[in-house]
Amino acid sequence: MASMFISLLIFSFFFFLGTPLSSNYYQKTCPNVESIIKKVVSDATRNDNTAPAGLLRMHFHDCFIRGCDGSVLLNSKGKNTAEKDGPPNVSLHAFYVIDNAKKAVESVCPGVVSCADILALAARDAVVLAGGPSWDVPKGRKDGRISKASDTSQLPAPTFNISQLQQSFSQRGLSLEDLAALSGGHTLGFSHCSSFNNRIHNFNSTLDIDPSLQPSFASSLRRFCTTKNNAKNAGVTMDPSSTSFDNTYYKLIFQHKVLFSSDNALLSTPKTKSLVSNFASSKDAFFKAFVKSMIKMSSINGGQEIRKNCRFVN
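Along each chain, residue indices are assigned from 1 in the same order as the chain's sequence is written. Residues qualify for local features only when their pLDDT is at least 70, as the model is predicted, and side-chain atom pairs are given and counted only at 80 or more; totals for whole chains, interfaces and linings, by contrast, use all residues. The basis for every side-chain value is the complete set of heavy atoms in the structure, and neither hydrogens nor water enter the calculation.

Right, let's talk about the UniProt feature "site: Transition state stabilizer" (unreviewed entry) in the protein chain for a bit. Those places that UniProt annotates as "site: Transition state stabilizer" (unreviewed entry) correspond, in this numbering, to Arg57. Here Arg57 is to be found in helix α3 (residues 51-63). Excluding residues within four positions of it along the chain, Arg57 makes contact with Pro88, Ser91 and Leu92. UniProt positions are given in the numbering used here, feature names are shortened, and annotations may be inferred rather than shown by experiment. Secondary structure elements are taken from DSSP: a helix is a run of H or I of four residues or more, a strand is a run of E of two residues or more, and numbering for both begins at the N terminus. Residue contacts are counted whenever heavy atoms from the two residues lie within 4.5 Å of one another.

Residues apart from glycine generally show negative phi values, whereas peptide bonds are mostly found in trans. The phi torsion at Asn202 lies on the positive side, around 50 degrees, for a residue other than glycine. For Asn202, a relative accessible area of 63% corresponds to the exposed category. If you check the backbone angles, His256 has positive phi at about 60 degrees while not being a glycine. By the secondary structure assignment, His256 is in the loop between α10 (248-254) and α11 (261-264). Exposure categories follow from relative accessible area, calculated using a 1.4 Å probe and restricted to protein chains: below 20% of the type maximum is buried, above 50% is exposed, and the middle band is partly exposed.

Moving on, we get to the pattern of salt bridges. Salt bridges are defined by distance alone: a side-chain nitrogen of Lys or Arg within 4 Å of a carboxyl oxygen of Asp or Glu. Tallying each qualifying case throughout the model produces 15 salt bridges. Measuring nitrogen to oxygen at the nearest pair gives 2.7 Å for the salt bridge that ties Arg311 to Asp99. Remark: Asp99 occurs in helix α4 (residues 95-108) and Arg311 occurs in the segment after α13 (283-298); sequence separation between them is 212 residues. Arg311 sits in the partly exposed class, given a relative accessible area of 25%.

Structure representation (structure tokens):
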């Protein structure tokens with residue numbers, strides 16, 4: 001039974017891999033593509049230091065539904081509500097960066113570079129610009145033609161426990177090591193109150209606050225996120241250095257000062273707890289693991305075309 005389960009996971013992973021990717025895919029057809037995209041992301045970050053967090057989260061949310069095929073970029077049309085308008089994605093931002101990058105690339109190499117590849121490269125550049133590691137992004141993804149808001153229910157939720165997280169990642173060929181490393185992306189950005197309200201209000205039938213939260217931290221969250229605060233942008237930064245890609249997130253896990261149940265869940269197994277400890281004590285170890293897992297995750301693909309406009313199918 002166990003061997004059958006492993007075989008299914010392996011089959012699932014290679015099914016999602018789709019088109020083989022290559023680091024030099026555009027060497028002849030669009031040799032300057034990476035420098036073009038990097039400039040656009042750099043310009044955007046100068047004007048908006050939250051853009052890197054938006055781009056990284058967008059890439060993750062793209063890859064977890066039908067692979068990294070740019071489906072998260074598509075607009076809703078007619079009776080179809082697209083992924084970007086699904087509940088977990090309504091807070092995604094920085095789509096304009098991908099639009100600008102696509103326009104710049106199309107002016108030099110029309111009809112050659114997919115939106116999915118542009119997003120993967122932009123996410124890498126975003127991490128670098130925030131002080132994180134760089135890596136050679138495999139390229140050659142195609143853009144998908146299907147985008148449904150209902151599919152966003154497949155995204156791992158901030159309320160997930162370790163079993164739910166492990167299942168979600170394993171269905172995409174990703175391991176506990178990948179889970180621990182990719183969760184480090186939470187070092188960037190901002191979270192709305194709705195993503196962690198379950199921990200600070202009506203936690204269970206006897207407790208109002210999740211006892212695993214550090215008390216003064218929980219109190220500060222409750223001040224920002226009162227039960228009556230329904231403001232659209234109410235929330236807090238993911239960590240105190242929310243525009244810097246570092247290993248602060250992992251240190252905060254052990255201090256019980258992380259926002260999501262899914263963050264705290266990394267302490268639930270000896271394996272993930274050990275990885276969190278390693279990443280908290282060594283930024284280099286985190287960076288190496290993050291790069292490895294990002295390449296693995298971003299290689300899940302299965303699109304069909306090269307979109308002319310990232311917001312619409314051809």
